[in-house]
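# Chains, contacts and geometry: an overview
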Amino acid sequence: TECAENDEIVIALVENNEFAVCKKFKVFENNVALISINPEYEPLYFSKDNPCKIIGKVIQLRRAL
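Not measured: the values here are computed from a predicted model. (Residues numbered from 1 in each chain as written. Predicted model: local features only at pLDDT ≥ 70, side-chain atom pairs only at ≥ 80, totals over all residues. Heavy atoms only, no water.)

In this structure, Pro39 sits in the loop between strand E3 (32–35) and strand E4 (44–46). Along the primary structure Pro39 and Asn50 are separated by 11 residues, whereas in three dimensions their C-alpha atoms are 23 Å apart. (Helix = DSSP H or I, 4+ residues; strand = E, 2+ residues; numbered from the N terminus.)

Okay, structure coming up:
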């Protein structure tokens, strides 16, 4: 999907579609933010002039314990 709701985790293309990131999606009045789950990383902000492209939503996470 190419759209997401607030606080969903998405896979998005950034920096002219050169990099894919997995971050929490947040909508603000005039822009959107991709917020890292790791608090050591700053959010990435986007607008119509500086867009990002959502390529999917994370619906399940599996990991070995």
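The structure having been displayed, the exposition proceeds.
Pairing is antiparallel across the open sheet formed by 5 strands, whose spatial order is E4-E3-E2-E1-E5. Both edges of this open sheet fall to E4 and strand E5 (53–57), since each of them pairs with a single strand only. Mean inter-strand twist for the sheet, computed between neighbouring axes without regard to direction, equals 40°. Of the strand pairs in this sheet, E3 and E4 are connected by 3 bridges, and their pairing is antiparallel. Within the sheet, the bridge partner assigned to Ala33 lies in E4 and is Tyr45. (Pairing = 2+ DSSP bridges. Axes fitted to C-alpha atoms, helices over the stretch in contact; angles between N-to-C directions.)

In this structure, the largest pocket spans a volume of roughly 160 Å³. Looking at the largest pocket, it is lined by 15 residues, and the ones nearest its centre are Asn31, Val32, Phe46, Ser47 and Lys48. (1 Å grid on protein atoms, 1.4 Å probe; cavity = no way out; pocket = protein on both sides within 12 Å on 5 of 7 lines; lining within 4 Å. Points joined across faces, edges and corners; volume = space filled by probe spheres on them.)

Here Ser36 shows up in the loop between E3 and E4. In terms of polar contacts, Ser36 uses its side chain to reach the backbone amide nitrogen of Asn38, at 3.1 Å. In this view, Ser36 contacts Lys23 and Tyr41; residues no more than four positions away in its chain are not counted. (Polar contact = N/O pair within 3.5 Å; in protein donor to acceptor, adjacent residues only side chain to side chain. Contact = heavy atoms within 4.5 Å.)

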